[in-house]
Every structure is written in structure tokens, then in C-alpha cells.
Amino acid sequence: KTQEAIEAFRAIHGADWGEWAAARADALTVTLPLMGRPCPPLPKGNWIGVETPKTLEKLAGKVVVVDFWLLSAPPCVESMKALKAIRARYVDRGLYVVGVTCEEPQRESDQINKYLGDALIDYPTLVSDDGISDPRYQVRGLPYCLLLDRKGVVRWTGSPADPALEAQIQTLLK
């Protein structure tokens, strides 16, 4: 009967279970919740700002906020002010903030540089073509952030304007 089941699966899916599952491994892992799992690597793109980390591995030992945002979304711009204040309070205790954004890279880069000059953003930002839409990050709306513990494991997700973010940061920095 086992052989019959294998043949039936192969007839329906055109492959045996191992081949079928391997071809869909990325899709299968996307559906798993991020909470309690290592954060996926940062997307490819161009960094703007000082002290650009390039990879999350370089931030090992720090509590990290990964902030996903768009300049075209006014709530994102507003949340930057809150995140800047949070960063100022905890940077000396090991908090690191990185931004991830997309849209038109040149327009975005020019606007981010303006915000850096105006001191609205004081953390490095990655301009990526696909960072916000990449399903590995499970961005459900903007603004949106991931909070990583010192080992790079996702411990909280949500809006950077949510007061729960700061409470979680305090817990992780203890």
C-alpha cells in the first residue's frame, strides 16, 4: 500500500514527496511565524547613513529594531520621531536601529539624505527594491518593525509607535 500511495502522489504532483517538498521549501518556511525564530537576513540594497551594519550578524550582541517604512506613508514619517526618541534613550545600553525602505531608489535616497540632514532619521537605512514586499519579513502594514534579541531572534513585531515596543526593548536590555 505504501508503494501505491507513493505512485498516486507522483501521478497527482509529478514528483515524489521529497522532490515536491524541496521545490516548495521557501514557500513552506514563509508561512511559519517569525516570533521566536532567527530574523531572515536583510535584503540586498544600498545603505544610507553612518555606521551601516551591512548584515544582522554584525549586530550580534545588540538588541535590534528593524523598521520597515515608506516616505509616501505619513504614519511612517511620524513613527520615525518616536523611534528616534526610543533610540536616544537606549543606544548606550545596546539598542541598534536600522531602517528598511523601498520605492524609487534615487528619489528615496535623496529624501532620506534630506531627513538625515534635518536629523529626523539618525539611524542607518537600507534602500531595497524588495525588502518591504519580501514575505520572509511578514510586513502586514506600514510602519512595521521587528524587535530582535541579542542573538538575532525575533521577539516582537508591530508598529514602532506602539508603546509595547519600548516595554519589550526594556525587557531585552536587562
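All of these numbers come straight from a predicted model, not from anything done at the bench.

Caption draft 1: Spatial organisation of the pattern of salt bridges. Per the counting criterion, the structure on display carries 4 salt bridges. The salt bridge involving R89 is made with E166; its shortest N-O contact spans 2.9 Å. Residue R89 is found in helix α4 (residues 74-90), and its partner E166 is found in helix α6 (residues 163-173); the two are separated by 77 residues along the sequence. The class of R89 is partly exposed, set by a relative accessible area of 46%.

Caption draft 2: Molecular detail of unusual backbone geometry. Cis rather than trans, the peptide bond between L142 and P143 has omega equal to -5°. Locating P143 in the fold gives a position in the loop between β4 (125-127) and β5 (144-148). Phi at K54 is positive, roughly 70°, even though this residue is not glycine. Phi is positive for Q138, close to 55°, though the residue is something other than glycine. On the secondary structure map, Q138 appears in the loop between β4 and β5.

Caption draft 3: The packing of α4 against α6, seen in detail. Axis separation between α4 and α6 bottoms out at 11 Å; the angle between their running directions is 20°. Relative to α6, the element α4 lies roughly parallel. With respect to the hand of their crossing, α4 and α6 are arranged in right-handed fashion. Within the contact between the two elements, α4 uses L83, I86, R89 and Y90 and α6 uses L165, E166, I169, Q170 and L173.

Caption draft 4: Examining a positive patch on the surface more closely. A cluster of basic side chains, namely K62, R93, R150 and K174, defines a positive patch on the protein surface. Its place among the elements puts R93 in the loop between α4 and β3 (95-101).

Caption draft 5: Local environment of the sheet that holds β3. Across the sheet, which stays open at both edges, the 6 strands sit in the order β1-β4-β3-β2-β5-β6 with mixed pairing between neighbours. Of all strands in the sheet, those with a lone pairing partner are β1 (46-48) and β6 (154-158), marking the two edges. Taken over all neighbouring pairs, the strand axes of this sheet differ in orientation by 20° on average, direction set aside. Direction of pairing for β1 relative to β4: antiparallel, over a ladder of 3 bridges. Looking at β4, one finds that I48 is bridged to T125. Contacts between α4 and the sheet are confined to β2 (63-69) and β3, with β3 contributing the most and set at about 160° to the helix. Sitting on the sheet, α6 touches β2, β3, β5 and β6, and the angle it makes with β5 is about 15°.

Cut-offs and rules
- Residues numbered from 1 in each chain as written.
- Predicted model: local features only at pLDDT ≥ 70, side-chain atom pairs only at ≥ 80, totals over all residues.
- Heavy atoms only, no water.
- Salt bridge = Lys/Arg side-chain N within 4 Å of Asp/Glu carboxyl O.
- Helix = DSSP H or I, 4+ residues; strand = E, 2+ residues; numbered from the N terminus.
- Buried < 20%, exposed > 50% of the residue type's maximum accessible area, 1.4 Å probe, protein only.
- Axes fitted to C-alpha atoms, helices over the stretch in contact; angles between N-to-C directions.
- Parallel < 35°, antiparallel > 145°, perpendicular 65-115°, else oblique.
- Left-handed = near helix turned anticlockwise from the far one by under 90°.
- Contact = heavy atoms within 4.5 Å.
- Patch = residues over 30% accessible without salt bridge, like charges linked within 9 Å, V, L, I, M, F, W, Y side chains within 5 Å.
- Areas by Shrake-Rupley, 256 points an atom, 1.4 Å probe, with all protein chains shown as cover.
- Lys, Arg positive; Asp, Glu negative; His and termini not counted.
- Charge placed at Lys NZ, Arg CZ, Asp CG, Glu CD.
- Pairing = 2+ DSSP bridges.

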